[in-house]
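Spelled out, the chains give:
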Amino acid sequence: MTLLRFYLRRTWLIGVFASLALFGFQHLMAFVYRGFISNLEGAPTFLMRVIPKGVQAFLGIDRLPPNSVAGILALAYQHPFVIVIVCALGVSCTVEFLAGQIERLTIAHLLVRPVPRPLMPLYAFVVAATWLAVASASAILGTVTGFARLGYALPPAGQLIQLAFAQFALGCAVTGGSLFFSATTETRADAAGWSVSILLLMYVGNFVAQLWDAAKPWARFSIFNYYTPIEVFVNSTLPPNAWLVFVSVSIAGLVLACAAYAFREFRV
Amino acid sequence: MEGLADSALTKGVPVVRTVHLSKHYGRRQALVGLDLELLPGEILGLLGPNGAGKTTALRAILGFIRPTSGQVTIFGVSPRAWRARPLRKHIGYLPADLAFEEAETGGRLLELFGKLSGVSPKLRGELCERFQLSASDLRLAVRKYSRGMKQKLGLIAALQHDPSLIILDEPTNALDPVAQQALHDVLKDFVARGAAVLFSTHVLSEALELCDRIAVLSEGHLLDCFSVAAFTALAPRLVYIKFDNCSATSGSRILHLPYAEFLGEEDGWLVYRVESDVVPAVLQELVRIPLADLRIESAALEHLLDYYRQPQGELR
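Values in this document were obtained by computation on a predicted structure and should not be read as measured data.

**A word on the sheet that holds strand β4 (residues 69-74) of chain B**
All names here are of chain B. Spatially, the three strands line up as an open sheet ordered β2-β1-β4, and their pairing is antiparallel. Strands with a single pairing partner mark the edges of an open sheet, and in this sheet they are β2 (28-38) and β4. On average, adjacent strands in this sheet sit at an angle of 25° to one another, irrespective of strand direction. Relative to the sheet, helix α2 (residues 54-62) contacts β1 (16-25), β2 and β4, its axis offset from that of β1 by approximately 115°.

Quick look at the structure:
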């Protein structure tokens with residue numbers, strides 16, 4: 001636990017920053033919604049006319065137009081800003097504690113002491129998951145306080161909690177993947193480079209797959225394909241296979257990272 | 001399990017043993033067939049030029065890297081085995097490329113390392129005092145430390161839990177002479193208590209002063225492993241002679257001394273190299289000559305330097 005506390009203390013700044021960013025963003029969404037429905041009355045209909053069907057499907061606005069609180073929240077929770085914050089939180093925690101410690105050579109102090117090697121990736125995951133949980137809760141708090149402040153009725157609490165869990169689960173899956181790259185490389189640049197490149201590929205791939213029928217079968221290989229906040233408002237939860245993918249990717253990444261750390265060499 | 005470390009120390013079992021230890025990085029042979037033993041209460045120095053394989057040997061002994069072939073054990077157990085983990089609380093290690101989390105204070109890092117070692121850091125206060133790292137120094141962030149202070153912090157972190165096996169990679173790097181002497185004294189105290197010390201160094205005088213045995217590595221091969229006492233006894237001597245009126249004539253007369261090799265003149269002294277077994281014969285010659293002064297020193301350091309200068313194998 002000493003090491004876990006040390007890791008948590010070392011990441012409090014990025015954790016708090018990410019949480020505040022998501023809180024602020026979701027709080028502002030209430031004002032965006034107000035502007036959307038009061039000043040741009042015809043906007044939703046206009047948007048539905050000009051946005052291609054594929055993009056509408058990607059954003060989910062074909063099923064839940066953004067002139068409702070649920071519709072704007074579905075958009076807000078899959079906004080690239082949110083995705084970037086969630087991904088950055090997961091990637092930075094894992095890169096800092098695994099590849100970062102190898103690059104800075106500080107890992108020698110841990111390797112020589114009776115600290116089980118698999119504990120290092122596990123703690124990195126726990127730290128990332130802790131801050132992701134805080135950030136997800138902050139996002140929901142931002143939503144609740146923002147919409148309550150302007151007097152709008154919110155969707156049921158159960159749906160908001162599902163929304164927070166979906167965001168948290170996406171973050172954990174990203175962390176799992178990044179954990180693997182961080183545990184098998186030796187520098188922060190390599191670990192972050194691989195993680196970000198794969199995430200970018202998956203995000204763009206998922207977007208292209210929604211627009212181009214020929215690429216549709218590839219969408220299932222992107223974790224972003226399973227992060228669909230719209231489903232929370234339409235069906236009250238994400239599809240079961242989405243949860244399964246998030247949990248599987250998180251666990252697979254964690255297990256592979258632990259195995260890599262147990263067996264790999266450290267030239268420190 | 002912890003008894004393994006104790007039994008290794010009490011029964012004279014080697015604390016570290018390597019058998020035909022080899023490590024290759026691709027085609028490059030970093031270490032070739034290293035056979036070493038380190039006994040409790042012994043200081044073994046690893047000497048060799050850069051790239052000789054000293055750090056690779058230490059990394060393999062600590063289990064940081066996997067040997068390509070051969071075996072390594074610490075306290076009788078492979079360092080990479082799961083059951084070797086509890087034994088690590090008995091190890092103190094100082095890496096050559098020492099690094100810390102720079103934002104942390106020295107005191108907080110010592111606290112962290114003490115807790116992670118799982119043993120009470122009972123020597124921390126004493127070591128801080130001996131290495132002259134004050135309480136106010138420990139309250140500073142490591143980024144404000146000089147290189148010497150970081151080295152002292154690393155040494156305290158490695159030794160504060162009273163380890164039985166101490167592995168130090170170039171420990172006197174960046175230390176001032178006072179701190180170097182403090183380190184020598186500290187290590188001697190540890191050895192007197194039965195700890196085993198393995199360290200690599202480039203400082204030949206330090207190796208001769210501190211070590212019980214020296215292992216010389218070159219290009220991954222173990223050139224020689226010898227007792228320092230025997231080596232010093234067998235090492236040539238440097239004989240310094242001074243005349244009242246030092247002149248070339250008197251110098252040339254000395255040149256004819258049997259078995260003595262004239263090395264040159266140094267601050268009015270004539271310097272000769274004499275093999276250890278013929279020192280009595282040379283002294284008998286010298287008593288016949290009117291000298292102003294005479295000084296005899298061991299040339300062990302220069303002899304040791306030959307290991308660095310000559311190609312591999314020639315000194316075997």
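**Side note on the pairing of strand β3 (residues 43-47) of chain B**
Looking along a regular strand, one sees the side chains alternate between the two faces of the sheet. Residue and element names in this part refer to chain B. Where burial is concerned, most of β3 is hidden: five out of the five residues are buried. Alternating residues of β3 divide into I43, G45 and L47 and L44 and L46, and every residue in both groups is buried. The pairing of β3 with strand β8 (residues 213-218) spans four bridges and is parallel. Within β8, the position partnered with L44 by the bridge is R213.

**A short note on the environment of R17 of chain B**
All names here are of chain B. With respect to the secondary-structure elements, R17 resides in strand β1. Using a relative accessible area of 35% as the deciding quantity, one classes R17 as partly exposed. Sequence separation of R17 and W82 is 65 residues, and the distance between their C-alpha atoms is 18 Å. A polar contact is formed between the side chain of R17 and the side chain of E37, at a distance of 2.9 Å.

**Things to note about the layout of surface pockets**
All names here are of chain A. In this structure, the largest pocket occupies an estimated 580 Å³ of space. Taken together, 30 residues make up the lining of the largest pocket; nearest its centre are A57, F58, L59, G60 and Q78. Contributing elements (two or more residues each) for the lining of the largest pocket: α2 (12-38), α4 (53-59), α5 (69-76), α6 (80-97), α11 (188-211), α12 (229-235) and α13 (240-263). In terms of residue class, the lining of the largest pocket is built from 19 nonpolar, eight polar and three charged.

**Quick word on the nonpolar core**
Membership of the largest hydrophobic core comes to 170 residues, with the highest contact counts inside it found for M120 of chain A together with L165 and I214 of chain B. It is helix α9 (residues 119-150) of chain A that provides the largest number of residues to this core, a total of 13 residues. With sequence-adjacent residues up to four places away left out, I214 of chain B is seen in contact with L44, G45, L47, A207, L208, D224, C225, F226, V228 and L304 of chain B. Listed in part, the 13 residues of the second largest apolar core include I241, A260, L270 and V282 of chain B.

**Focus on the interface of chain A and chain B**
Contacts between chain A and chain B engage 27 residues on the former and 32 residues on the latter. Regarding the contact of chain A and chain B, the summed buried area is about 2700 Å², with carbon and sulfur atoms giving 58% of it. Area buried by chain A at its contact with chain B is led by V112, R113 and P114 of chain A, which between them contribute 24% of it. At the boundary of chain A with chain B, the tally comes to four salt bridges. Residues R104 of chain A and E101 of chain B are paired through a salt bridge, measuring 3.0 Å at the closest nitrogen-oxygen approach. Summed over the shared surface of chain A and chain B, the result is 18 residue pairs in polar contact (both at pLDDT 80 or more). In terms of residues, the side of chain A that touches chain B owes the most to one element, helix α1 (residues 2-10) of chain A, which gives five residues. The residue makeup of the side of chain A that touches chain B, split by class, is 15 nonpolar, four polar and eight charged.

**Focus: the sheet that holds strand β13 (residues 293-298) of chain B**
Residue and element names in this part refer to chain B. Pairing in this open sheet of four strands is antiparallel, and the strands run β11-β12-β10-β13 from one edge to the other. The outermost strands of the open sheet, each flanked by one partner alone, are β11 (260-266) and β13. For this sheet, the mean inter-axis angle between neighbouring strands, taken without regard to orientation, is 25°. Pairing of strand β10 (residues 237-242) with strand β12 (residues 269-274) involves five bridges; the strand directions are antiparallel. Bridging across to β12, L238 finds its partner in R273.

**Section: the packing of α1 of chain A against helix α3 (residues 106-117) of chain B**
Between α1 of chain A and α3 of chain B, the shortest axis-to-axis distance is 9 Å and the interhelical angle comes to 150°. Here T2, L3, F6 and R9 of chain A of α1 of chain A lie close against α3 of chain B, whose contacting residues are R108, L112, K115 and L116 of chain B.

**A word on the confidence of the model for chain B**
Per-residue pLDDT for chain B has a mean of 87; in total, 90% of the residues score no lower than 70. Taken together, the chains of this predicted complex give a pTM of 0.86 and an interface ipTM of 0.82.

**Here we look at the environment of I37 of chain A**
Residues and elements named next belong to chain A. Along the chain, I37 falls in helix α2. The class for I37 is partly exposed, based on a relative accessible area of 30%. In sequence terms I37 and N206 are 169 residues apart; their C-alpha atoms lie 30 Å from each other. Beyond its immediate chain neighbours, meaning those up to four positions away, I37 contacts N67 and Y152.

**Re the packing of aromatic side chains**
As enumerated under the stated definition, the model contains 16 aromatic pairs over all chains in all. Each ring, one from F181 of chain A and one from W194 of chain A, has its centre 5.9 Å from the other, and the planes form 10°; the classification is stacked. Residue F181 of chain A is located in helix α10 (residues 157-184), and its partner W194 of chain A is located in helix α11; the two are separated by 13 residues in the primary sequence. Among the aromatic residues, those joined into a cluster by ring pairs are F6, Y7 and F97 of chain A. A cation over a ring is seen here: R264 of chain A above F266 of chain A, with NZ or CZ 4.9 Å from the ring centre. Here the basic side chain of R85 of chain B rests over the ring of W82 of chain B, its NZ or CZ set 5.4 Å away from the ring centre.

**A few points about a nonpolar patch on the surface**
Residues and elements named next belong to chain A. Residues L200, V204, F207, V208, L211 and W212 make up a contiguous nonpolar surface patch of about 560 Å² in total accessible area. Summarising the element assignment, V208 is placed in helix α11. Accessibility expressed as a relative area gives 34% for V208, which makes it partly exposed.

**Points about the environment of V72 of chain B**
Residues and elements named next belong to chain B. Along the chain, the position of V72 falls in strand β4. Under the relative-accessibility criterion, V72 is labelled buried at 6%. Along the chain, V72 and V16 lie 56 residues apart, while their C-alpha atoms are 7.4 Å from each other. Ignoring anything within four residues of it in the chain, the contact list for V72 reads R17, T18, L21, A60, I61, P67, V77, S78 and P79.

Conventions used here
- Residues numbered from 1 in each chain as written.
- Chains lettered and ligands numbered in written order.
- Predicted model: local features only at pLDDT ≥ 70, side-chain atom pairs only at ≥ 80, totals over all residues.
- Heavy atoms only, no water.
- Pairing = 2+ DSSP bridges.
- Helix = DSSP H or I, 4+ residues; strand = E, 2+ residues; numbered from the N terminus.
- Axes fitted to C-alpha atoms, helices over the stretch in contact; angles between N-to-C directions.
- Contact = heavy atoms within 4.5 Å.
- Buried < 20%, exposed > 50% of the residue type's maximum accessible area, 1.4 Å probe, protein only.
- Polar contact = N/O pair within 3.5 Å; in protein donor to acceptor, adjacent residues only side chain to side chain.
- 1 Å grid on protein atoms, 1.4 Å probe; cavity = no way out; pocket = protein on both sides within 12 Å on 5 of 7 lines; lining within 4 Å.
- Points joined across faces, edges and corners; volume = space filled by probe spheres on them.
- Nonpolar A, V, L, I, M, F, W, Y, C, P; charged D, E, K, R; others polar.
- Core = buried A, V, L, I, M, F, W, Y, C linked by side-chain atoms within 4.5 Å.
- Buried area = accessible area lost by both parts, 1.4 Å probe.
- Salt bridge = Lys/Arg side-chain N within 4 Å of Asp/Glu carboxyl O.
- pLDDT = per-residue confidence, 0-100.
- Phe/Tyr/Trp six-rings, centres within 6.5 Å; stacked < 30°, edge-to-face > 60°.
- Lys NZ or Arg CZ within 6 Å of the ring centre and 35° of its normal.
- Patch = residues over 30% accessible without salt bridge, like charges linked within 9 Å, V, L, I, M, F, W, Y side chains within 5 Å.
- Areas by Shrake-Rupley, 256 points an atom, 1.4 Å probe, with all protein chains shown as cover.

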